[in-house]
Amino acid sequence: MFQQWHLQYKLKRLINNTKSNKPTHLKTHYQYLLTQLHQPIVNLNLLALDIEMTGLNHKKDEMVSIGVIPIINGQIKPKYAQYKLLKIQGSVGQSATIHGVHDRDLTEALATSEIVEWLLQQCQDKVLVAHHALLDIQFLEQALLKLGMPIQQLFAIDTLQLEKQRLNRKNQYIKNGELRLNACRERYHLPIYSAHNALTDALACAELLLAQLNKMGGLDNIKLQDILRKY
């Protein structure tokens, strides 16, 4: 009950404080979350997200690619998956060995302002889902700040946190690396994909979420307010 009240309170404040000079997509997104808190996940529109970066420091590193894939009424929709590359100020450097995006790939990439506008439009009527959502959201908030927009609190379903909670409830010791995306997928007997492609990881996250929710009691029994987190 407290979780529901707390989320309602935060969302109502954000809606009231979102002025006309801020992205209207964001206000619409808050309104969607507020009206859907009591709904089971099977009735919702979700958007699995993954961002690849030049490093893990959101204050100095940059986003290089974003992948998103919708989950509508409990079904992943690969047909509507999207993948975007972002222009950066410097070079991708050694991070290219992780995510496979090189400087030459970014010659036709989109500006951060275009990407932020596009992403906010995508999630107007959807709930964000990510694995280790805090990292992705820190980069998104930093992008908003660099564009002259006040940092806005964002909300997401975090598959890493769901798995951590499940293992803690079982009193299972969590070893280093056991909460990584592919390590989590292995426990649900999901296939292992090559890591660190934004679109592939978004799909892997979407599949993991559905497996987790089925283990937790089913998409028709788990409500948004039960698993949504504020960042």
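Refer to the preceding data block for the structure.
Our subject in this report is the structure included herewith.

About the criteria used
- Residues numbered from 1 in each chain as written.
- Predicted model: local features only at pLDDT ≥ 70, side-chain atom pairs only at ≥ 80, totals over all residues.
- Heavy atoms only, no water.
- Axes fitted to C-alpha atoms, helices over the stretch in contact; angles between N-to-C directions.
- Helix = DSSP H or I, 4+ residues; strand = E, 2+ residues; numbered from the N terminus.
- Parallel < 35°, antiparallel > 145°, perpendicular 65-115°, else oblique.
- Left-handed = near helix turned anticlockwise from the far one by under 90°.
- Contact = heavy atoms within 4.5 Å.
- Nonpolar A, V, L, I, M, F, W, Y, C, P; charged D, E, K, R; others polar.
- Disulfide = S-S within 2.5 Å.
- Buried < 20%, exposed > 50% of the residue type's maximum accessible area, 1.4 Å probe, protein only.
- Expected span 1.5 Å × (residues − 1).
- Phe/Tyr/Trp six-rings, centres within 6.5 Å; stacked < 30°, edge-to-face > 60°.
- Lys NZ or Arg CZ within 6 Å of the ring centre and 35° of its normal.

### Points about the packing of helix 4 (residues 112-122) against helix 5 (residues 133-146)
For the pair helix 4 and helix 5, interaxial distance at closest approach is 10 Å and the crossing angle is 120°. Compared by their axis directions, helix 4 and helix 5 come out oblique. With respect to the hand of their crossing, helix 4 and helix 5 are arranged in left-handed fashion. Along the contact surface, helix 4 presents Thr-112, Val-116, Leu-119 and Leu-120, while helix 5 presents Leu-140, Ala-143 and Leu-144. Residue composition of the contact of helix 4 with helix 5, by class: 6 nonpolar, 1 polar and no charged.

### A few points about the state of the cysteines
Applying the stated criterion to the full structure yields 0 disulfides. Cys-205 provides the cysteine sulfur closest to Cys-184, a residue in no disulfide bond, and the two sulfurs are 9.9 Å apart.

### Considerations on unusual backbone geometry
Within the chain, Asn-171 stands out as a residue other than glycine whose phi angle is a positive 55°. Among the structural elements, Asn-171 can be located in the loop between helix 6 (159-169) and helix 7 (181-187). The exposed category is assigned to Asn-171, whose relative accessible area is 73%. A positive phi angle, close to 60°, is found at His-189, a residue other than glycine. With respect to the element layout, His-189 can be found in the loop between helix 7 and helix 8 (198-216).

### A look at helix 5
Under the 1.5 Å per step criterion, the end-to-end length of helix 5 is 20 Å for 14 residues, consistent within 8% with the ideal 20 Å. Along helix 5, the residues that are buried comprise Ala-133, Leu-135, Asp-136, Ile-137, Phe-139, Leu-140, Glu-141, Gln-142, Ala-143 and Leu-144. At its buried positions, helix 5 is contacted by strand 1 (45-53), strand 2 (63-72), helix 4, strand 5 (127-130) and strand 6 (155-158). Downstream of helix 5 by a residue or two, Gly-148 has a phi angle that is positive, lying close to 85°.

### So, the packing of aromatic side chains
Evaluation of the coordinates by the stated rule reveals 2 aromatic pairs. Between Trp-5 and Tyr-9 the ring centres are 5.5 Å apart and the planes differ by 10°, which places this aromatic pair in the stacked class. Here Trp-5 pairs with Tyr-9, and both are found in helix 1 (residues 2-17), just 4 residues apart, close to one helical turn. Its relative accessible area of 49% is what places Trp-5 among the partly exposed residues. Of the residues examined, Tyr-9 reaches a relative accessible area of 38% and is grouped as partly exposed. Ring geometry for Tyr-30 versus Phe-155: centroids 6.3 Å apart, planes at 80°, classification edge-to-face. With Tyr-30 in helix 2 (residues 24-36) and Phe-155 in strand 6, this pair connects stretches of sequence that are 125 residues apart. Of the two residues examined, Tyr-30 and Phe-155, each falls in the buried class. Sitting over the face of the ring of Tyr-193, Arg-185 holds its NZ or CZ atom 4.6 Å from the ring centroid.

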